[in-house]
Amino acid sequence: MIDAIPTDLWIGGKQVPSSSGARFPVHNPANGAVLTTVADATTADGTTALDEAVAVQQTWAATAPRERAEILRRAWELVIARRDDFALAMTLEMGKPLAESQGEVAYGGEFLRWFSEEAVRVNGRYTSSPTGAGRILVAKQPIGPTLAITPWNFPLAMGTRKIGPALAAGCTMIVKPAAETPLTMLLLGQVFADAGLPAGVLSILPTTSASALTGPLIDDARLRKLTFTGSTAVGKVLLSQCATRVLRSSMELGGNAPFVVFDDADVSAAVDGAMAAKMRNIGEACTAANRFHVDNAVRAEFTEKLTARMSALTIGPGDHSGVQVGPLITAKQRASVDELVQDAVSKGAVITTGGAIADGEGYFYPPTVLTDVPTDARILREEVFGPVAAITGFDGEEAGIAAANDTEYGLAAYVYTTNLDRALRVSEAVESGMVGVNRGVISDVAAPFGGIKESGIGREAGSEGIEEYLETKYIALP
């Protein structure tokens with residue numbers, strides 16, 4: 001199947017080699033083996049892709065919204081038709097179990113269907129001035145050529161969540177996928193060509209030299225927007241680069257999601273939610289629950305039940321039957337996870353399951369539960385991005401809210417309580433762009449996705465998502 005995936009750059013609606021001729025390997029994190037090699041984009045390739053995007057921008061913006069919608073709809077149909085190919089590609093290059101990859105195909109593909117429907121619903125307004133001296137016409141127009149930088153953890157969905165609204169709005173787009181997982185996005189490029197997307201509207205440029213590719217693009221006056229999903233540290237660097245041109249930007253950055261369990265919660269339901277919020281995507285998700293703040297009245301019960309569930313999970317290569325936990329993306333990422341665990345243990349945290357790297361090939365880390373985690377442990381401050389649940393206790397509602405908000409991040413939060421009044425109070429008080437109440441999975445194509453504080457700027461998905469790719473123009477009429 002890998003042999004059927006494009007492995008050159010995707011520019012001008014077709015595969016082209018890197019201008020340097022260079023290629024780089026894509027590894028299987030389950031065993032470290034090389035799956036294939038892909039073309040390594042250069043600064044010159046970025047310029048070529050931007051030339052293509054600029055050349056067709058006006059034509060694409062003038063294309064009837066219904067026609068843009070139909071192309072997105074066909075692309076969605078083709079993604080679903082090739083779901084097995086997409087799922088296997090994601091599992092092999094990223095590591096997640098096949099069942100989760102199949103779920104991402106459904107979720108990621110849905111952004112194309114959703115924004116095919118939003119393409120025909122871009123609205124302005126027409127009103128009389130309050131003074132009666134004229135009329136106000138407000139129009140929405142595509143912002144123009146866009147650069148999208150996507151991460152490795154959701155190789156399809158993080159791309160379609162940006163490509164869908166951009167194309168629906170009438171913007172051309174260049175995508176730089178993560179070097180760890182370029183195959184899924186290159187396969188999507190082929191799908192869009194098969195769906196009838198005009199050449200030049202979408203380019204895909206894998207590279208091992210991200211800054212050499214993206215820096216000149218950001219500095220080019222023809223580029224009108226940057227959209228980025230990744231770490232807060234990298235996002236800050238990109239924002240500083242964008243500032244010199246006041247380049248329109250949207251940033252979906254890191255998280256440190258609190259999972260707050262109050263004393264009146266249904267503990268069994270909270271554990272179910274914790275498993276979903278923690279172990280989706282092997283814990284390698286910006287929305288993953290990172291800190292489990294549990295009222296001391298129910299902490300022992302919660303810890304015992306969560307430990308039992310985590311220790312029963314089956315670990316192995318994602319393409320093997322029955323596997324629930326695949327490998328982490330790289331050896332470096334696994335070492336980072338273990339470093340946070342050992343730091344917490346050295347400061348007094350107790351391991352109730354997992355917590356040690358096993359011998360053998362692949363970048364596996366066992367599902368791990370830590371309890372009695374002290375407040376100075378790094379794992380409560382840093383995004384773990386792995387299958388580790390760090391539990392700490394609190395007493396009373398105010399303490400639970402304070403613990404949840406004790407971070408510079410504000411992407412996702414989870415709250416478990418059977419009291420509706422408390423659920424609403426806490427949801428309003430928690431400093432987060434998204435809050436799940438008695439739910440462990442909150443991502444929804446129809447809902448705005450994004451954070452506050454150092455977790456980002458702007459929103460993706462929902463009816464709000466297309467606004468990131470539109471300019472608002474006021475026209476004064478007599």
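Because the structure is predicted, anything quoted here is derived from the model rather than measured.

Trainee: Could you give me a rundown of helix H2 (residues 65-81), with the residues and numbers involved?
Mentor: Helix length check: H2, at 17 residues, gives a terminal C-alpha distance of 24 Å against a target of 24 Å (1.5 Å per residue), a fit within 8%. All of the buried residues in H2 are Arg68, Ala69, Ile71, Leu72, Ala75, Trp76 and Val79. Buried positions in H2, seen along its axis, are confined to an arc of 160° and lie on one side of it. In this structure, the buried side of H2 is in contact with helix H1 (43-62), helix H3 (83-94), helix H4 (98-118), helix H5 (157-169) and helix H6 (183-194).

Trainee: Which residues make up the nonpolar core, and what values go with them?
Mentor: Among the nonpolar cores identified, the biggest contains 58 residues, and Ile163, Leu188 and Phe192 are the most heavily contacted of them. In this structure, isoleucine 163 is in contact with Met173, Val175, Met185, Leu188, Phe192 and Leu202, ignoring residues within four places of it in sequence. Listed in part, the 47 residues of the second largest apolar core include Ala265, Met279, Leu340 and Ile379.

Trainee: So what about the sheet that holds strand S17 (residues 412-416)? Which residues, and what values?
Mentor: Strand order in the open sheet formed by seven strands is S14-S15-S16-S13-S12-S17-S18, with mixed pairing between adjacent strands. Strand pairing shows two members of the sheet lacking a second neighbour, strand S14 (350-353) and strand S18 (434-437), which therefore form its edges. Sheet twist, expressed as the average angle between the axes of neighbouring strands with direction ignored, equals 25°. One ladder, built from three bridges, connects S14 with strand S15 (residues 368-371); its direction is antiparallel. Within S15, the residue paired with isoleucine 351 across the bridge is leucine 370. Along the sheet face, helix H10 (residues 299-311) touches strand S12 (257-261), strand S13 (289-295), S14, S15 and strand S16 (388-394) and points at about 175° away from the line of S16.

Trainee: Please provide a residue-by-residue account of a nonpolar patch on the surface, values included.
Mentor: Nonpolar side chains collect at one region of the surface, where Tyr126, Ile475 and Leu477 lie side by side and expose about 260 Å² of accessible area between them. Its place among the elements puts leucine 477 in strand S20 (residues 470-477).

Trainee: I'd like to hear about the packing of aromatic side chains, residue by residue, with values.
Mentor: Aromatic ring pairs: the centre-centre distance and the angle between the two ring planes describe each pair. All told, the structure shown has eight aromatic pairs when counted by the stated rule. Arranged with centres 5.0 Å apart and planes meeting at 70°, the rings of tyrosine 107 and phenylalanine 111 form a pair that is edge-to-face. Here tyrosine 107 and its partner phenylalanine 111 are both found in helix H4, four residues apart, which amounts to about one turn of the helix. For the pair tyrosine 107 and phenylalanine 111, one class covers both residues: buried.

Trainee: How would you sum up the environment of glycine 450? Please name residues and give values.
Mentor: With respect to the helices and strands, the residue glycine 450 is situated in the loop between S18 and strand S19 (456-457). Residue glycine 450 is classed as buried on the basis of its relative accessible area of 2%. C-alpha of glycine 450 to C-alpha of glutamate 408: the two residues are 42 residues apart in sequence and 15 Å apart in space.

Trainee: With reference to specific residues and values, describe the pattern of salt bridges.
Mentor: In this structure the tally under the stated criterion is 26 salt bridges. A salt bridge links glutamate 77 to arginine 73; its shortest N-O distance comes to 3.8 Å. Taken together, the residues glutamate 77 and arginine 73, both in helix H2 and four residues apart, mark about one turn of the helix. We classify arginine 73 as partly exposed; its relative accessible area is 29%. Among the salt bridges present, the one from lysine 225 reaches glutamate 468, with a minimum N-O distance of 3.8 Å. Linking lysine 225 in strand S10 (residues 225-229) with glutamate 468 in the loop between S19 and S20, this pair joins segments that are 243 residues apart in sequence. A network of salt bridges, in which partner residues are shared, links Asp263, Asp264, Glu397, Arg422 and Arg425.

Trainee: Residues and numbers for the packing of H3 against H4, please.
Mentor: At a minimum axis separation of 8 Å, H3 and H4 run at an interaxial angle of 125°. Comparing the axis directions of H3 and H4 gives the class oblique. When the axes of H3 and H4 are compared, the crossing they make is right-handed. Taken together, the residues of H4 that come into contact with H3 (itself represented by Arg83, Asp84, Phe86, Ala87, Leu88, Met90 and Thr91) are Leu98, Ser101, Gln102, Glu104 and Val105. For the contact of H3 with H4, a count of residues per class yields six nonpolar, three polar and three charged.

Trainee: Any chance you could break down the environment of alanine 168 for me, citing the residues and the numbers?
Mentor: Here alanine 168 lies in helix H5. According to the relative accessible area criterion, alanine 168 is buried, its value standing at 0%. Not counting residues up to four positions away in its chain, the partners in contact with alanine 168 are Arg68, Leu72, Phe115, Ala119 and Ile466.

Trainee: Could you give me a rundown of the domain arrangement of the protein, with the residues and numbers involved?
Mentor: One can read the domain layout of the protein as domain 1 (2-253 + 455-477) and domain 2 (257-437). Here the C-alpha centre of domain 2 lies 31 Å away from the C-alpha centre of domain 1. Contacts between domain 1 and domain 2 engage 25 residues on the former and 27 residues on the latter. At the boundary of domain 1 with domain 2, total buried surface from both sides reaches about 2000 Å², with 60% on carbon and sulfur atoms.

Trainee: Report on H4, specifying residues and quantitative values.
Mentor: Since the α-helix advances by 3.6 residues per turn, residues separated by three or four positions end up pointing in the same direction. In this model H4 runs 30 Å from its N-terminal to its C-terminal C-alpha over 21 residues, within 8% of the 30 Å that 1.5 Å per residue would give. When we look at burial in H4, the residues that qualify are Ser101, Glu104, Val105, Tyr107, Gly108, Gly109, Phe111, Leu112, Phe115, Ser116 and Glu118.

Trainee: Lay out the side chain of threonine 287 with the relevant residues and their values.
Mentor: Inspection of the secondary structure puts threonine 287 in the loop between helix H9 (267-279) and S13. Residue contacts for threonine 287: discarding those within four places in its chain leaves Ala257, Ala277, Arg280, Leu411, Ala412, Tyr414, Met434 and Phe449.

Trainee: Go over the pairing of S18, please, and point to the residues and values.
Mentor: Where burial is concerned, the two faces of S18 differ: the one with Met434 and Gly436 is buried and the one with Val435 and Val437 is not. Sheet analysis places S17 next to S18, joined by four bridges and oriented parallel. Bridge pairing in S18 links valine 415 to valine 437.

Calculation criteria
- Residues numbered from 1 in each chain as written.
- Predicted model: local features only at pLDDT ≥ 70, side-chain atom pairs only at ≥ 80, totals over all residues.
- Heavy atoms only, no water.
- Helix = DSSP H or I, 4+ residues; strand = E, 2+ residues; numbered from the N terminus.
- Expected span 1.5 Å × (residues − 1).
- Buried < 20%, exposed > 50% of the residue type's maximum accessible area, 1.4 Å probe, protein only.
- Arc of directions from axis to C-beta.
- Contact = heavy atoms within 4.5 Å.
- Core = buried A, V, L, I, M, F, W, Y, C linked by side-chain atoms within 4.5 Å.
- Pairing = 2+ DSSP bridges.
- Axes fitted to C-alpha atoms, helices over the stretch in contact; angles between N-to-C directions.
- Patch = residues over 30% accessible without salt bridge, like charges linked within 9 Å, V, L, I, M, F, W, Y side chains within 5 Å.
- Areas by Shrake-Rupley, 256 points an atom, 1.4 Å probe, with all protein chains shown as cover.
- Salt bridge = Lys/Arg side-chain N within 4 Å of Asp/Glu carboxyl O.
- Phe/Tyr/Trp six-rings, centres within 6.5 Å; stacked < 30°, edge-to-face > 60°.
- Parallel < 35°, antiparallel > 145°, perpendicular 65-115°, else oblique.
- Left-handed = near helix turned anticlockwise from the far one by under 90°.
- Nonpolar A, V, L, I, M, F, W, Y, C, P; charged D, E, K, R; others polar.
- Domains from an automatic or database assignment.
- Buried area = accessible area lost by both parts, 1.4 Å probe.

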